[in-house]
Amino acid sequence: MKLMVPAIDTHTHTYLSGHAYSTIFENITVAAQKGLKGIVNTDHSPAMSDCRWPAAVRFLRNVPREFMGVRIYHGVEADIIDYDGTLSVTEEYYSLLDFMIASLHEVVKPAGTKMQNTQAMIGALNHPHVDILGHPGTPAFEVDIEAVVKEAAKCNKLIEINSHSFEVRKGCEQNCIQFAKLCKKYDVRISLASDAHMCFQVGAFDNAIKLLETVDFPQELIVSRSLQSFEAYLVERKQRIANK
Ligand SMILES: [Zn+2]
Ligand SMILES: [Zn+2]
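Residues numbered from 1 in each chain as written. Chains lettered and ligands numbered in written order. Predicted model: local features only at pLDDT ≥ 70, side-chain atom pairs only at ≥ 80, totals over all residues.

J.: Can you lay out the overall build of the chain for me, pointing to particular residues and giving the numbers?
T.: In terms of helices and strands, the chain carries eight helices and eight strands. Overall, the C-alpha framework of the chain stretches about 40 × 40 × 40 Å when taken along its three principal axes. Here the chain, with 244 residues, has 50% of them falling under the buried criterion. Considering only contacts within the chain whose residues lie at least 6 apart along the sequence, 80% involve residues at least 24 apart. (Helix = DSSP H or I, 4+ residues; strand = E, 2+ residues; numbered from the N terminus. Buried ≥ 20, exposed ≤ 12 C-beta atoms within 10 Å, placed from the backbone. Contact = placed C-beta atoms within 7 Å.)

J.: If you had to explain the environment of Gln119 to someone new, which residues and values would you point to?
T.: Mapped onto the fold, Gln119 is located in helix 3 (residues 114-125). Sequence separation between Gln119 and Val143 is 24 residues, and the spatial gap between their C-alpha atoms is 8.6 Å. In this view, Gln119 contacts Tyr83 and Asp84; residues no more than four positions away in its chain are not counted.

J.: So what's going on with the pairing of strand 8 (residues 190-193)? Which residues, and what values?
T.: Burial of strand 8 is two-sided: the residues Ile190 and Leu192 facing one way and the residues Ser191 and Ala193 facing the other way are all buried. Sheet analysis places strand 7 (residues 158-162) next to strand 8, joined by four bridges and oriented parallel. Bridge pairing links Asn162 to Ala193 in strand 8. (Pairing = 2+ DSSP bridges.)

J.: An account of the nonpolar core is requested, with residue identities and associated values reported.
T.: Counting 69 residues, the largest nonpolar core has Ile39, Ala102, Ala124, Val149 and Ile159 as its most contacted members. Beyond its immediate chain neighbours, meaning those up to four positions away, Ala102 contacts Ala78, Ile80, Leu87, Ala124, His127, Val130, Leu133 and Gly134. (Core = buried A, V, L, I, M, F, W, Y, C linked by C-beta atoms within 7 Å.)

J.: Break down the packing of helix 4 (residues 145-155) against helix 6 (residues 173-186) for me, citing the residues and quoting the values.
T.: In the contact formed by helix 4 and helix 6, the axes pass within 10 Å of each other and the chain directions differ by 40°. Judged on the interaxial angle alone, helix 6 and helix 4 are oblique. Classified by chirality, the crossing of helix 6 by helix 4 is right-handed. Two secondary-structure elements touch here, helix 4 through Ile145, Glu146, Val149, Lys150 and Ala153 and helix 6 through Asn175, Gln178, Phe179, Leu182, Cys183 and Tyr186. (Axes fitted to C-alpha atoms, helices over the stretch in contact; angles between N-to-C directions. Parallel < 35°, antiparallel > 145°, perpendicular 65-115°, else oblique. Left-handed = near helix turned anticlockwise from the far one by under 90°.)

J.: Please provide a residue-by-residue account of unusual backbone geometry, values included.
T.: Of the consecutive residues Trp53 and Pro54, the connecting peptide bond is found in the cis state with omega at 5°. Tracing the sequence through the fold places Pro54 in the loop between strand 2 (38-43) and helix 2 (55-58). One non-glycine residue, His135, adopts positive backbone phi at about 30°. The class of His135 is buried, set by 26 C-beta atoms lying within 10 Å.

J.: Quick rundown of the environment of Phe141? Include the residues and the values.
T.: Here Phe141 is to be found in the loop between strand 6 (132-133) and helix 4. Assessed through the 24 C-beta atoms surrounding it within 10 Å, Phe141 is described here as buried. Spatially, the C-alpha atom of Phe141 lies 8.3 Å from that of Glu106, the residues being 35 residues apart in sequence. Contacts of Phe141, omitting those with residues within four sequence positions, involve Leu104, Ala111 and Asn117.

Below is the structure:
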C-alpha cells in the first residue's frame, strides 16, 4: 500500500550541532516549501564535542512556535552514554523540550556486545522523557531487534526509521526492514526522520517510505503522519511524564 508523506519531520539539525550547516530559518523555509506542517529541531547533545551546548536548546526560546505555516517543536538528539542507557542531556533541560530522541553514536560510545547495545537501548526507552530511539538500525551497533521493539511496545515509545541512514550508514537496510516488520507485528508506533544536517534534506523521507512500503507498513502506526496525530502524541507524552 502507498504511504502518505509524513506531515512532520521529527529529526532535524542546525549549525549549532557543529557538523550541520543550516540555520533554523533555512530549515523552516525548506519545510514550508515542501508542504510540511511541522519540524522538530533536534540538535546534538553535549556529548558531541562539536555541538554548541547549551545554545543548541536554549536558542529555541527565541524562535516562534509557528512560522511560514510550519510548527516548530523543541527537541534534542540526546546521546546514550553507557550500556545502562544513561543520557547525555541532564534534567535541568527537560522542561525546555517537547521531544527527545535517544541515539547511540560511535564517536561518543563505541559499540559494545550485542547484549550491551541492546541493554543501552532498552535503558533509554525506559527513561520517561525519551520519546524515540534515533536510527536504531545502524549496523555499527548490533542489537537484539525483537527485544528492543518489545520494550518499545511495553513503554509505549516510538522507533525511528531514519531516511538519512540509507546514505550514511551503509548496510542498515536489513536492520531497518527488521525493525519495521517487528513494529508492525507488535503495534509499535514509528516516526520517519530526515535527520537533515542541511536544509535541503529537511522532509527527505523517500528511502524510509520505500522501505516501509515493502513491508506493507500500516499508515496509522506512523505518529508523524499528520499534525493532529503528532500533537495527540505530545499530549500523551505530557501525561506520561506527569504520571512518572
Ligand atoms: Zn544521530
Ligand atoms: Zn541526527
